[in-house]
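Observations on chain architecture
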Amino acid sequence: MTSPEDREGAQGLLLIGSTGSIGESTIDVVRRHPERFRLVGLSAHTRWQRLVEQALEFRPAFVHVGEACLGECREALAGSGIEVLSGRQALVDLPLRDGVDTLVSAIVGTRGLEPMVRAIRAGRRIAFANKEPLVTAGGPIMEEVRRHGVSCLPIDSEHSAILQCLRGEKPEDLSRIFLTASGGPFRGWSRDRLQQVSREQALKHPTWSMGAKITTDSATLMNKALEVIEAYWLYDLGEEAIEVLVHPESIIHSMVEFRDRSVKAQLGLPDMRIPIQYALSYPDHLPLQMEPVDWLKLGSLHFEALDEDVFPAIRLARAALRQGGGAPCVLNAANEAAVESFLEGALPFHRISETVERALEAFAGHSGESLEELIALDREVRQRAGSGDWPAIRATRDAKPRQSGNL
Ligand code: NAD
Ligand code: MG
C-alpha cells in the first residue's frame, strides 16, 4: 500500500456516481494506480452501504449521499474524519472543494449537468461518462470548456476510440466518423415484436454490463442517438459526417475515415476500464492487467446497417441536430422521462421512441441557447411528461400511476 506522502503527486479525483457501473469500474482503475490517482470525494444516491465501504477503503476527504440516507451514512462514518454531505446544492458545489483536480462524472442523467459546469468554471479537468449533459447543453458546455481552457475527456467507449484515432491528425483531413453499435438485445426484431418487450428483456444487454438507464437506451438505440449528439459537440462535426454502423461483437469501438479513404479504428474488449483509465491518464496509456483480445478465438467481425424503421432513435437525433436550439435538450429530457416510466412499468417499451418523437413535435422551434434556458426547458419537458401531457404516456399512466420519480 502506498503511503499518503507517496501519493502527493497523484491526481485528485472527485467521483460522482461512485456506486454505479462506471463508478465501480473507476474505483477499480484507481485501486490499480494509487501513485497516479487519489479519490478526494465520492458521491452516490441510495446505495449508502457501498458508498461507506468505498469511503473506508479510499479515505476521501468527503462523501455526498442522497438525503434519505444521510443519517445512516453519517453514523457509519462517525469518527472516520470523512465529511458527509447531502443535498442538491452541495452536490453541485463539490467540484469547488480543495484537492479536486478532476471531476469523474459517472452519475446518470441531466442531474450531472450543473456539477459538470461548476467544475469547468473552476478550471477542473473533466472525465465524463455521463453523456446526457452534453446532449442537453452541448453548445454552452463547449463554450465554457473553451473559455476556461480545461480538458474535457470522454469515457464513452466510442468517443474514447475517436479521441485515440484522431491523435496526431489534422481536423481538415477528417472525412467521416463511424460510431459502432452492438445493436442491442433486439437486433433483427420487427416493430410488431417490440410491442411485447418486457423490462427484463430490455435489461439484458448482449455485450456490455451497465446501469438500467443506459441499458434501456441501448435497447431502443437511443444510446447511439445520444452518442451522435455527443460526437457532434466533442469533435465539431456536421451530423452528416457521423455514421452509425451495427457491429454486434463490440470489439471495434469506433472508426475515423480520412479524406484519402484511409480508415483508423480503435479495438479492444468491451470493458469500460480501458476508456476510463485512458480518460484519467490521457495522453498516456498506463498498464492494465486484463485478458488481451484473443483474435483467433474471435475469428471474424461483422457489420450491418441499422434498421431505422424499427429503431427511429438515430433519425430523431439527426432531426434534433438539424433543428438546433433546444431540440436535443427536448429529445434527451423526453427520453429520460420515458425510460423512467418504462422502468417503473408505466410505459411499454415501444412507446419510448414514440414519446421522444411527440415531444420533439410539441416543442418544435422552441429556442434554447443559454445554459439557463436549456435547464428550464429540460424541466418543462419532464413536467409535461410527468403530468401525462402526451397521449403516449397518459394511455398507460391512467392504468397504473407512477409511484415516484425525481424528475
Ligand atoms: P448506474 O445506474 O449504474 O449508476 C448511476 C450512479 O449515479 C450511481 O452511483 C447512483 O448512485 C448515482 N445517482 C443516480 N441518481 C442520482 C441522484 N439523483 N443523485 C445523485 N446520484 C445519483 O449508471 P451507469 O451505467 O454507471 O452510467 C452512468 C453514466 O455513464 C450514464 O450517463 C451513462 O449513459 C454513461 N455511460 C455508461 C456506460 C456503462 O458502461 N455503464 C458506458 C458509457 C457511458
Ligand atoms: Mg457508448
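Right above here is the structure, for reference.
Report follows, based on the coordinates. (Residues numbered from 1 in each chain as written. Chains lettered and ligands numbered in written order. Predicted model: local features only at pLDDT ≥ 70, side-chain atom pairs only at ≥ 80, totals over all residues. Heavy atoms only, no water.)

**Some points on the coordination of the magnesium ion (ligand 2)**
Operational definition: The rule for donors is simple: N, O or S, within 2.8 Å of the metal, or within 3.2 Å if the metal is Na, K or Ca. Water isn't counted, so a site may look like it is missing partners. In DSSP terms, a helix is any run of H or I states spanning at least four residues, a strand is any run of E spanning at least two, and both are numbered starting from the N terminus. To sort residues, take the accessible area from a 1.4 Å probe on protein chains only and compare it with the maximum for the residue type: under 20% means buried, over 50% means exposed, and anything in between is partly exposed.
Taken together, Asp156 (OD), Glu158 (OE) and Glu227 (OE) make up the protein donors of the magnesium ion (ligand 2), found 2.1 to 2.2 Å from the metal. Taken in sequence order, the residues that donate to the magnesium ion (ligand 2) follow the motif D-x1-E-x68-E. With aspartate 156 in the loop between β7 (152-154) and α7 (157-166) and glutamate 227 in helix α11 (residues 222-234), this residue pair connects regions lying 71 residues apart in the sequence. Of the two residues, aspartate 156 and glutamate 227, both sit in the buried class.

**As for the sheet that holds strand β10 (residues 252-258)**
To be explicit about the condition: Strand pairing is assigned whenever DSSP identifies at least 2 bridges connecting the two strands. Lines fitted to C-alpha atoms define the axes here, with helix axes fitted over just the stretch in contact, and angles between the N-to-C directions of these axes take values from 0 to 180 degrees. By definition in these notes, contact holds between two residues if any of their heavy atoms fall within 4.5 Å.
Spatially, four strands are ordered β9-β8-β10-β11 in an open sheet, and the strand pairing comes out mixed. Since the sheet does not close on itself, it has two edges, and those belong to β9 (242-246) and β11 (263-267), each with one partner. Strand after strand, the sheet turns through a mean of 20 degrees between neighbouring axes, direction not considered. Bridge count between β10 and β11: five bridges; the pairing is antiparallel. Pairing of isoleucine 252 across the sheet is with leucine 267, part of β11. Across the face of the sheet, α11 comes into contact with β8 (174-181) and β9 while running at roughly 155 degrees to β8.

**Regarding the sheet that holds strand β6 (residues 125-128)**
One open sheet accounts for seven strands, arranged β4-β3-β2-β1-β5-β6-β7; its pairing is parallel. Looking at the sheet topology across the chains shown, the edges are occupied by β4 (83-86) and β7. On average, each strand axis in the sheet is tilted by 20 degrees relative to the strand beside it, whichever way the strands run. The pairing of β6 with β7 spans three bridges and is classified as parallel. When the bridges of β7 are listed, alanine 127 appears paired with leucine 153. Each of β1 (11-16), β5 (102-105), β6 and β7 touches helix α5 (residues 113-121); the most contacted strand, β6, lies at about 150 degrees to it.

**Quick notes on unusual backbone geometry**
Residue proline 283 follows tyrosine 282 across a cis peptide bond; omega there is 5 degrees. On the secondary structure map, proline 283 appears in the loop between α12 (273-281) and α13 (295-298). The residue arginine 59 is not glycine, and still its phi comes out positive at about 50 degrees. Inspection of the secondary structure assignment puts arginine 59 in the loop between α2 (48-58) and β3 (62-65). At serine 250, a position not held by glycine, the phi torsion is positive, near 55 degrees. With respect to the helices, strands and loops of the structure, serine 250 is situated in the loop between β9 and β10. The exposure class of serine 250 is buried, given its relative accessible area of 6%.

**Notes on the pairing of β8**
Across the eight residues that make up β8, a large majority, six, are buried. With five bridges connecting them, β8 and β10 associate as antiparallel partners. Across the sheet, the residue bridging to phenylalanine 178 is methionine 255, located in β10.

**Let's talk about the site of ligand 1**
Condition: Throughout, the term near means that a residue has one or more heavy atoms lying within 4 Å of the molecule or strand in question. Under this definition, polar contacts are N or O atom pairs within 3.5 Å; protein pairs additionally need one hydrogen-donor-capable and one acceptor-capable atom, and for neighbouring residues in sequence, both atoms have to be side-chain atoms. Only the protein chains shown count as covering a residue, and every accessible area follows the Shrake-Rupley method with a 1.4 Å probe. All residues other than Ala, Val, Leu, Ile, Met, Phe, Trp, Tyr, Cys, Pro, Asp, Glu, Lys and Arg, Gly among them, are scored as polar; the first ten of these are nonpolar and the last four charged. The start and end points of each domain follow an automatic or database-based domain assignment.
The full set close to ligand 1 counts 22 residues, and Thr19, Ser21, His45, Glu132 and Gly211 are the nearest of them. Interatomic distance of 3.1 Å between a backbone N/O atom of glycine 20 and an oxygen atom of ligand 1. About the coverage of ligand 1: the protein hides 88% of its 830 Å² of free accessible area. Residue composition of the shell around ligand 1, grouped by class: nine nonpolar, nine polar and four charged. Of the domains in this structure, domain 1 (6-155) and domain 2 (156-270 + 295-407) are the two that each give at least three residues to the shell around ligand 1.

**Looking at the environment of serine 262**
Tracing the sequence through the fold places serine 262 in the loop between β10 and β11. For the pair serine 262 and serine 175, spaced 87 residues apart in sequence, the C-alpha separation works out to 9.6 Å.

**Details of the pairing of β1**
The criterion, for reference: Handedness of a crossover is defined as follows: with both strands directed away from the viewer, a clockwise route from the first strand across the helix to the second makes it right-handed.
Of all six residues in β1, six are buried; the element is thus mostly enclosed. The pairing of β1 with strand β2 (residues 37-44) spans six bridges and is parallel. When the sheet's bridge partners are listed, leucine 14 is paired in β2 with glycine 41. Between the parallel elements β1 and β2, the chain passes through helix α1 (residues 21-32) in a crossover that is right-handed. Bridging between β1 and β5 involves four bridges; their strand directions are parallel. Note on β5: the bridge partner recorded for leucine 15 is valine 104.

**Examining the packing of aromatic side chains**
Under the convention used in this document: Note on ring pairs: Phe, Tyr and Trp rings are taken, using the six-membered ring of Trp, and paired if centres are within 6.5 Å. Classes follow the plane angle, with under 30 degrees stacked, over 60 edge-to-face and the rest tilted. A ring is considered to have a charge above it if a Lys NZ or an Arg CZ atom is located within 6 Å of its centre and within 35 degrees of its normal.
For the coordinates displayed, the defined rule picks out five aromatic pairs. Here the aromatic rings of phenylalanine 186 and tryptophan 189 are separated by 4.7 Å at their centres, their planes lie at 55 degrees, and the arrangement is tilted. As far as burial versus exposure is concerned, phenylalanine 186 and tryptophan 189 are alike and both buried. Relative to tyrosine 282, the ring of tyrosine 278 has its centre 5.6 Å away and its plane inclined at 90 degrees; by these criteria the two rings are edge-to-face. Residue tyrosine 282 is classed as partly exposed on the basis of its relative accessible area, which comes to 29%. Feature note: the residues Phe186, Trp189, Phe342 and Phe349 constitute an aromatic cluster, connected by ring pairs. Of note, arginine 97 hangs over the ring of phenylalanine 62, and the distance from its end group to the ring centre comes to 5.1 Å.

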